[in-house]
Amino acid sequence: MSRPKLVLVLFVLTSCAFGCAAGAYDTSGRPWPTTSQDKDLTPEAASVASSKVNLDLGEFFIEGDLLVPAGGVILQLANKGVIEHNVRLVGGPLSETLPADSTSQLDVGQLAAGTYQLICELPGHKDAGMVATLTVVK
Ligand SMILES: [Cu+2]
């Protein structure tokens, strides 16, 4: 019983090995290792693509460059008010709470095209006007 099974397994393994070897060379003629160059470029390209969005916070507003291309987005926050504020990308990360007259950054990661709401989460601030729409375009 074990011998026919073994033959079958060997046949499958052998044909897979031939198939893989052919696939590695058939389109470009290059062996697989040359594609590692393309892999190395990916993280660098992603970080270069991050857009910086300047946002001013105050009583009671969130204002700034609210139109960015899709990709990595970093919010550069400046509290121009006289009390503390923060910013949350709704459904995403929350910044630290900024004291009056201070700055901070919030990396919100990769954003696809669409609209995103930004709010201050301190009690009452959103309802008082600290809400803005960030528009991400392709
Ligand atoms: Cu606030």
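The structure contained in this document is the topic of the report that follows. What you see is a predicted model, and the numbers here were worked out from it, not measured in a lab.

### With respect to the environment of G124
Mapped onto the elements of the fold, G124 is located in the loop between β7 (114-119) and α3 (125-128). Note on G124: relative accessible area 47%, which makes it partly exposed. Between the C-alpha atoms of G124 and F60, which are 64 residues apart in sequence, the distance is 9.8 Å.

### Quick word on the coordination of the copper ion
Only H85 (ND1), C120 (SG), H125 (ND1) and M130 (SD) from the protein reach the copper ion as donors, at distances of 2.0 to 2.6 Å. Note that the copper ion binds 4 donor atoms; their angles at the metal cover 83 to 141 degrees, and the shape is irregular. Of note, the donors binding the copper ion are all from one chain and are spaced H-x34-C-x4-H-x4-M. Here H125 lies in helix α3 and H85 lies in the loop between β4 (71-79) and β5 (88-89), a separation of 40 residues in the sequence. Like H85, the residue H125 is buried in the burial classification.

### A few points about the pattern of salt bridges
Applying the stated criterion to the full structure yields 2 salt bridges. Linking D56 and K80 is a salt bridge whose minimum nitrogen-to-oxygen distance equals 3.4 Å. Pair noted here: D56 is in strand β1 (residues 51-58) and K80 is in the loop between β4 and β5, with a separation of 24 residues, a long-range link. Here D56 falls in the partly exposed class, since its relative accessible area comes to 28%.

### Structural notes on the environment of G114
Structurally, G114 is set in strand β7. The class for G114 is partly exposed, based on a relative accessible area of 27%. C-alpha of G114 to C-alpha of V137: the two residues are 23 residues apart in sequence and 6.6 Å apart in space.

### Digging into the sheet that holds β7
Strand-to-strand pairing in sheets goes through backbone hydrogen bonds, with the strands running parallel or antiparallel. Spatially, β3-β8-β7-β5 is the arrangement adopted by the 4 strands of the open sheet, whose pairing is mixed. Two strands bound the open sheet, and with one partner strand each, they are β3 (67-69) and β5. Pairing analysis gives 6 bridges linking β7 to strand β8 (residues 131-137), with the strands arranged antiparallel. Bridge assignment links T115 to a residue of β8, and that residue is T135.

### Points about unusual backbone geometry
Along the chain, E59 connects to F60 via a cis peptide bond; the corresponding omega equals -15 degrees. Within the secondary structure layout, F60 lies in the loop between β1 and β2 (61-64). For D101, which is not a glycine, the phi torsion comes out positive at approximately 60 degrees. Here D101 lies in the loop between β5 and β6 (103-111).

### Brief notes about the sheet that holds β1
Reading across the sheet, the 4 strands line up as β2-β1-β4-β6 and stay open at both edges, with mixed pairing between neighbours. This sheet does not close on itself; its edge strands, each paired only once, are β2 and β6. Between one strand and the next, the sheet's axes are offset by a mean angle of 25 degrees, whatever the strand orientation. Note that β1 and β2 share 4 bridges and pair antiparallel. If you follow D56 over to β2, its bridge partner there is E63.

Scoring rules and cut-offs
- Residues numbered from 1 in each chain as written.
- Predicted model: local features only at pLDDT ≥ 70, side-chain atom pairs only at ≥ 80, totals over all residues.
- Heavy atoms only, no water.
- Helix = DSSP H or I, 4+ residues; strand = E, 2+ residues; numbered from the N terminus.
- Buried < 20%, exposed > 50% of the residue type's maximum accessible area, 1.4 Å probe, protein only.
- Donors = N, O, S within 2.8 Å, 3.2 Å for Na, K, Ca; no water.
- Tetrahedral: all angles 85-135°; square planar, octahedral: opposite > 155°, others 65-115°.
- Salt bridge = Lys/Arg side-chain N within 4 Å of Asp/Glu carboxyl O.
- Pairing = 2+ DSSP bridges.
- Axes fitted to C-alpha atoms, helices over the stretch in contact; angles between N-to-C directions.

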